[in-house]
Amino acid sequence: MNRFEYCQARLSENESFVAKDRNIKLYDGDEKTNYEDGELVLTSHRLLWGRNGEIARGGSCLELKLRYVTAVDEEEASSMLFGRKKRIILRLRDVAPDKKPGPMDHSGSSFVKLSGRNGVDVAFVQALHSTLAARVWAVADETAGTRPSQPEVPVAGTSTDPNLRQLRIGIMGIERNLAEKQKQTDANISLAFKDLGKLMGMAKDMVAITNAVSAKIRERQGEISEDETVRFKSYLLSLGIDDPVTRDGTRSNSEYFLKLSRQLCEMLLDPITEAGGMMSLADVYCRVNRARGLELLSPEDLLEACTLLTGPIKLREFPSGAMVLQLESHDDVLVSERTVELVEQNVSLSSDELARLECISLLLARERLLTAEGFGRLCRDESIEGLRFYRNKFIDC
């Protein structure tokens, strides 16, 4: 830690930002320090460590010049809360004579450790290796003809054979390093999408199987009890849809939203019916995106598609602003009668109590009570305990 210096979190003229990680703890050798849960910023010249928000505000922080780093190692550590994680070890040169004041004047260790709650981010570690290999901080000295006498930093994965080592100093070295990194990234992305394609293919096969089983259940073939039929059907409904409507599969926005509204009607008709004829838009959003798998819908697209529903489901907005999808056959009068019966059985009800009794969301329970109140069947009592509804006995007088 005696290589760290106090500084202001500002980039110099030729310095550039590279990467950042959060919740990083600093070790002086193997010893813990009080520098915990801070932000670690990697630049082309330095490592900056500061308390949360300090670096972004340009406040005071600690800096470790990258010219001190001679090697980067890793060690595995265990945690009762976060399992196994990796710490980064930075091997350091001796303190330079022109070093500025820092958090520690003397240290018996020639290395520091960087540790995070879940370990140091892999992307950050890769950026650190690339930055050390590029040695941007040495460009100014070499341009001026004052090449440092210190040896080149040996970074894991680079060759130390003079005949094989590529020149990594200056602008050409930086560009070459970035090109190699981009090439590796492209290869990794291509491999990932190959695996993703296989996964999506298997998912479609799985959904096709479940559709066949679902058809057999509807025909009641085989010895399956009523409870097993209902339970297995609920499992199938949660597995997803095999051909979700997407923008890429349609020629225009209007066609996309029209097809999406039809698909929403098909997949939500049974769930809304089973839910009592009404489902909040928040519940609809969660159910639809779970069924679509990787083809997620934005809230804006879902709302636009819902406005195009013509039947047997329609979009409804309550005076409070709450939005739901409900069956066209839904009758507020009949639902209010059911709500009044429950209130009479329990003397009074709050929104959360009705939600538990009817297994519906708190939002729908509140709207049901307000609708019954609007018909004059219930009256409210507001107190420090909250809002409760009672049967309106004045209408019987």
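This structure is a prediction, so every number in the text was calculated from the model and none was measured.

Definitions and cut-offs
- Residues numbered from 1 in each chain as written.
- Predicted model: local features only at pLDDT ≥ 70, side-chain atom pairs only at ≥ 80, totals over all residues.
- Heavy atoms only, no water.
- Pairing = 2+ DSSP bridges.
- Helix = DSSP H or I, 4+ residues; strand = E, 2+ residues; numbered from the N terminus.
- Axes fitted to C-alpha atoms, helices over the stretch in contact; angles between N-to-C directions.
- Buried < 20%, exposed > 50% of the residue type's maximum accessible area, 1.4 Å probe, protein only.
- Arc of directions from axis to C-beta.
- Contact = heavy atoms within 4.5 Å.
- Parallel < 35°, antiparallel > 145°, perpendicular 65-115°, else oblique.
- Left-handed = near helix turned anticlockwise from the far one by under 90°.
- Nonpolar A, V, L, I, M, F, W, Y, C, P; charged D, E, K, R; others polar.

*Asks:* Describe in detail the sheet that holds strand E11 (residues 313–317), supporting the description with residues and values.
*Replies:* With antiparallel pairing, 3 strands are arranged side by side in an open sheet as E10-E12-E11. Looking at the sheet topology across the chains shown, the edges are occupied by strand E10 (278–280) and E11. On average, each strand axis in the sheet is inclined to that of its neighbour by 30 degrees, with strand direction left out of account. Pairing of E10 with strand E12 (residues 323–327), which is carried by 3 bridges, proceeds in the antiparallel orientation.

*Asks:* Can you tell me about helix H7 (residues 299–307), naming the residues and giving the values?
*Replies:* Within H7 the residues assigned to the buried category are Asp301, Leu302, Ala305 and Cys306. The buried residues of H7 occupy an angular sector of 135 degrees when projected down its axis, which confines them to one face. Contact partners of the buried residues in H7: helix H5 (253–274), helix H6 (281–292), E11 and E12.

*Asks:* Pulling in residues and values, what's your account of the packing of H6 against H7?
*Replies:* In contact at an axis separation of 11 Å, H6 and H7 are set at 110 degrees when each is read in the N-to-C sense. What the angle tells us is that H6 and H7 run roughly perpendicular. The handedness of the crossing between H6 and H7 comes out as right-handed. Facing H6, whose interface residues are Leu281, Val284 and Tyr285, H7 presents Pro299, Leu302, Leu303 and Cys306. When the residues that make up the contact of H6 with H7 are grouped by side-chain class, the tally is 7 nonpolar, no polar and no charged.

*Asks:* Pulling in residues and values, what's your account of the packing of helix H8 (residues 332–346) against helix H9 (residues 351–358)?
*Replies:* For the pair H8 and H9, interaxial distance at closest approach is 12 Å and the crossing angle is 110 degrees. As judged from the angle between their axes, H8 and H9 are roughly perpendicular. Side by side, H8 and H9 meet where Arg338, Thr339, Leu342 and Asn346 of the first sit next to Leu354, Leu357 and Glu358 of the second. Here the residues of the contact of H8 with H9 are counted per class, giving 3 nonpolar, 2 polar and 2 charged.

*Asks:* Go over the sheet that holds strand E15 (residues 386–391) with me, naming the residues and quoting the values.
*Replies:* Spatial ordering of the open sheet is given by E13-E15-E14, a layout of 3 strands whose pairing is antiparallel. Across the chains shown, the open sheet's two edge strands, defined by having one partner strand only, are strand E13 (348–349) and strand E14 (378–383). Taken together, the 2 bridges between E13 and E15 define a ladder with antiparallel strand orientation. Across the sheet, leucine 349 pairs through a bridge with phenylalanine 389, a residue of E15. Contacting E13, E14 and E15, helix H10 (residues 362–374) crosses the sheet at an angle of about 120 degrees to E14.

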